[in-house]
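Below are the chains, spelled out letter by letter.
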Amino acid sequence: MLKGKDIVIGVTGGIAAYKAVDVVSKLIKLNANVDVIMTEAATKFVTPLTFQSLAHNPVVVDMFREPVSWDIEHIALAKKADIFLVVPATANIIGKIAHGIADDMLSTTIMASKAKKIIVPAMNTNMYKNVIVQENIEKLKSLDYKFINPISGKLACGDIGEGKLPDPQDIIDQILEIIKNDESNKDLLDKKVLVTAGATIAPLDPVRYLTNHSSGKMGYEIAKEAKRRGAKVILVSGHTTQNKIDGIETIYIDTTEEMLEQVKMHFDDADMVIKAAAPLDYRPKIVNDNKIKKEDGGLNVEFVKTPDILKTLGQMKKEQVLVGFAAETQELLKNAQKKLEQKNLDFIVANDVSKKGAGFKENTNIVTIIDKNGSKAYSIMEKSKIAKIIVDKACKYLK
Ligand code: PMT
């Protein structure tokens, strides 16, 4: 699978740098073409000559050094790479990539590369768990960077905990798995997939609005999965914590009415529609022109219903595969079943949003998928994996 692939490996300065030598050696045995870029700090742990001898390619460290050949330097390496691997990745390089800092050969080349990026962090356990590092990792994940998680064990500093680089063979196995997932299943080529994600809002006055807890994670993972499989994806996004995904046309909206308008516009020629968004069902009847003043006593607000987007699509449906979600806190199956029928869906993904590890904001979810033949319950898993299951199933309904 890696035969003939151009893999650029960035090696950063950590004690685990020595394991990168084995990773390079194993990739060469799999007939990949490997180029290595080292940070200055990495050269304090392993010499460039070690990598050069294995990869049979000059190792690049200094941005301003005379290039051995213009073919291998900087932008050339960025363009050449099919896969860009950083192993081991320190908190420093992860922070730089996440914040667009390009101040040495490695960070500059990564920034300029459109290759699939795989990051293998290794560091002290407290550093790894530091919220800043975790936020940087989450940000990069949302931008489709893949991560191979460190394992727990005794670290070089003497601490015990998560942060240890996995064994080189495990790293290779996980790289192969990532590439396999990426290359297989281009079953949505030439298909248009419409996805909704995130929360809508309903203004009360110029400074206040109502909304819900949806982060958009579930819908963005579905959009990513459809894109990975070759679809042209239109993502209608409400308020979200997620970053825009490269290569996906994203339309940002505020209200349920705006979501309806955009979704209707793209519905006719869509092949598949997956509605993971959490649109508000009610909005204040009157939106005050001015900020409502705080006065003694309470505030009564009259609410009116917003349009049911999914129900509208169910009525418009022709050949489209139509998938809805049901966010429930009680009687999950009964309520979801009702929505499946009333909204004329092919299937519905039910989640009990009151369960730990499920629903809003979480990176995981616990879902039951229901169609006219019955239901299947899944155990807790990453939203990216659930997205794959949903898209897999939706593909079976394509005409
Ligand atoms: O975004 P995350 O933080 O990752 O959280 C994920 C999620 C909990 C939002 C997601 O898994 C989910 O359950 N999405 C559906 C939320 C919802 O609005 O559920 P519902 O049971 O109220 O609505 C049923 C279906 O009708 C949904 O597909 C919804 O998109 C749709 N709907 C709802 C209201 C409305 N006015 N129009 C709609 O089309």
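Just so you know, the residues in each chain are numbered from 1, in the order the chain's sequence is written. Local features in a predicted model are, by the rule used here, given only for residues with pLDDT of at least 70; side-chain atom pairs are given and counted only at 80 or more, and totals for whole chains, interfaces and linings are based on all residues. Calculation of side-chain values draws on the structure's entire complement of heavy atoms; hydrogens and water are dropped beforehand.

**Notes on the overall build of the chain**
Helix and strand counts for the chain stand at 13 helices and 21 strands. Structurally, the chain occupies a C-alpha span of about 70 × 55 × 40 Å along its principal axes. For every residue, the accessible area (1.4 Å probe, protein chains only) is compared with the maximum for its type, and the residue is labelled buried under 20%, exposed over 50%, or partly exposed between those bounds. Looking at the 399 residues of the chain, the share that counts as buried comes to 51%. Note on areas: Shrake-Rupley with a 1.4 Å probe; residue coverage comes only from the protein chains shown. Counting only carbon and sulfur atoms, one obtains 51% of the accessible surface of the chain, whose full area is about 19600 Å². Note on charges: Lys and Arg go in the positive column, Asp and Glu in the negative column, and His and the chain ends are not counted at all. All charge positions are set by atom: Lys at NZ, Arg at CZ, Asp at CG, Glu at CD. Looking at the chain, you have 57 positive and 52 negative side-chain charges, and the mean spots of the two groups are 3 Å apart. Strands here are runs of E lasting at least two residues and helices are runs of H or I lasting at least four, both read from the DSSP assignment and numbered beginning at the N terminus.

**Some details on the sheet that holds strand 20 (residues 374-377)**
Here we have eight strands laid out as an open sheet, ordered 12-11-8-13-16-17-19-20, and mixed in their pairing. The open sheet has two edge strands with one neighbour each: strand 12 (249-252) and strand 20. Taken over all neighbouring pairs, the strand axes of this sheet differ in orientation by 15° on average, direction set aside. On the sheet, helix 11 (residues 309-316) packs against strand 13 (272-275) and strand 16 (321-328) and is oriented at approximately 155° with respect to strand 16. Two strands are counted as paired when DSSP detects at least two bridges linking them. All axes are obtained by fitting lines to C-alpha atoms, using only the stretch in contact for helices, and the reported angles, taken between N-to-C directions, cover 0 to 180 degrees. A contact between two residues is defined here by any heavy atoms of the two lying within 4.5 Å.

**Considering the pairing of strand 7 (residues 160-164)**
Pairing analysis gives four bridges linking strand 6 (residues 151-154) to strand 7, with the strands arranged antiparallel. Each bridged residue has a counterpart across the sheet, and for glycine 153 the counterpart in strand 7 is glycine 161. Here strand 6 hands over to strand 7 after five residues, with glycine 158 in that stretch at a positive phi of 100°.

**Quick look at the site of the ligand**
Taken together, 31 residues sit near the ligand, with Ser214, Ser215, Lys339, Asn351 and Lys361 positioned nearest. Under this definition, polar contacts are N or O atom pairs within 3.5 Å; protein pairs additionally need one hydrogen-donor-capable and one acceptor-capable atom, and for neighbouring residues in sequence, both atoms have to be side-chain atoms. Between an oxygen atom of the ligand and a main-chain N or O atom of lysine 275, the distance comes to 2.8 Å. Between the ligand and the protein, one listed contact pairs an oxygen atom with a backbone N or O atom of alanine 277 at 2.7 Å. Taking 770 Å² as the accessible area of the ligand by itself, protein coverage stands at 96%. Both cavities and pockets are sets of points on a 1 Å grid over the protein atoms alone; in a cavity a 1.4 Å probe fits but cannot get out, in a pocket the set is open with protein on both sides within 12 Å along at least five of seven lines, and lining residues sit with an atom within 4 Å of a point. Just a note on the criterion: a molecule sits in a pocket or cavity if more than half of its atoms are within 2 Å of the grid points. The cavity that encloses the ligand is the second largest pocket. Looking at the shell around the ligand, the element that brings in the most residues is strand 16, giving four residues. In terms of residue class, the shell around the ligand is made up of 14 nonpolar, nine polar and eight charged. The near set for a molecule or strand comprises every residue that places at least one heavy atom within 4 Å of it. Polarity classes work like this: nonpolar for Ala, Val, Leu, Ile, Met, Phe, Trp, Tyr, Cys and Pro, charged for Asp, Glu, Lys and Arg, and polar for all others, with Gly in that last group.

**Remarks on the nonpolar core**
Membership of the largest hydrophobic core comes to 34 residues, with the highest contact counts inside it found for Ile9, Val11, Leu27, Met38, Phe51, Leu85 and Val87. The element best represented in this core is helix 1 (residues 17-29), accounting for six residues. Those residues within four positions of leucine 27 in sequence are excluded, and the remaining contacts are Leu2, Ile7, Ile9, Ala32, Val34, Leu85 and Ile172. What we call a nonpolar core is a set of buried Ala, Val, Leu, Ile, Met, Phe, Trp, Tyr and Cys residues that are connected through their side-chain atoms within 4.5 Å. Judged by nonpolar contacts, the second largest core, of 32 residues, contains Val193, Ala276, Ile386 and Cys395.

**Some thoughts on the sheet that holds strand 2 (residues 33-38)**
As summarised here, the arrangement of the five strands in space is 2-1-3-4-5, forming an open sheet in which the pairing is parallel. Looking at the sheet topology across the chains shown, the edges are occupied by strand 2 and strand 5 (146-147). Where strand 4 (residues 116-121) lies against strand 5, two bridges are found, and the strand directions are parallel. Considered in strand 5, the bridge of isoleucine 119 is made with phenylalanine 147. Helix 8 (residues 168-183) rests against strand 3 (83-89), strand 4 and strand 5 of the sheet, and its axis sits at about 155° to strand 4.

**Side note on the pairing of strand 2**
For strand 2, the buried fraction is high: five of the six residues fall into the buried class. Sheet analysis places strand 1 (residues 6-11) next to strand 2, joined by six bridges and oriented parallel. Each bridged residue has a counterpart across the sheet, and for valine 11 the counterpart in strand 2 is methionine 38. Clockwise travel from the first strand over the helix to the second, with the strands pointing away from the viewer, marks a crossover as right-handed. Since strand 1 and strand 2 lie parallel, the crossover through helix 1 that links them has a hand, and here it is right-handed.

**Thoughts on the environment of isoleucine 179**
By secondary structure assignment, the location of isoleucine 179 is in helix 8. The exposure class assigned to isoleucine 179 is buried, which follows from its relative accessible area of 4%. Measuring from C-alpha to C-alpha, the distance between isoleucine 179 and lysine 116 comes to 8.8 Å, with 63 residues separating the pair along the chain. Excluding anything up to four places from it in sequence, isoleucine 179 contacts Met1, Leu2, Lys5, Ile83 and Ile118.

**Looking at the pattern of salt bridges**
Basic side-chain nitrogens of Lys or Arg form a salt bridge, by our definition, when they fall within 4 Å of a carboxyl oxygen of Asp or Glu. On inspection of all chains with the given rule, the structure shows 23 salt bridges. The partner of lysine 80 in a salt bridge is aspartate 35, and the shortest N-O contact between them spans 2.7 Å. You can see lysine 80 sitting in helix 3 (residues 74-80) and its partner aspartate 35 sitting in strand 2, a full 45 residues away along the chain. The partner of aspartate 144 in a salt bridge is lysine 146, and the shortest N-O contact between them spans 3.4 Å. Among the ionic contacts, a cluster of salt bridges with common partners joins Asp187, Glu225, Arg228, Arg229, Lys388 and Asp392.

**Regarding the domain arrangement of the chain**
When the parts come together, some accessible area is lost, and that loss is often what is quoted as the size of the interface. Here the limits of each domain have been adopted from an automatic or database domain assignment. Assigned domains of the chain: these are domain 1 (6-184) and domain 2 (192-397). Taken together, the contact pairs nine residues of domain 1 with eight residues of domain 2. Note on definitions: buried area is the accessible-area loss of two parts on being combined, 1.4 Å probe, summed for both. Interface area, domain 1 with domain 2, both sides summed: about 660 Å², of which 37% is carbon and sulfur. Where the side of domain 1 that touches domain 2 is concerned, the elements lending two or more residues are helix 7 (131-142) and helix 8. If you tally residues by element for the side of domain 1 that touches domain 2, the top one is helix 7, at four residues. Residue composition of the side of domain 1 that touches domain 2, by class: one nonpolar, three polar and five charged.

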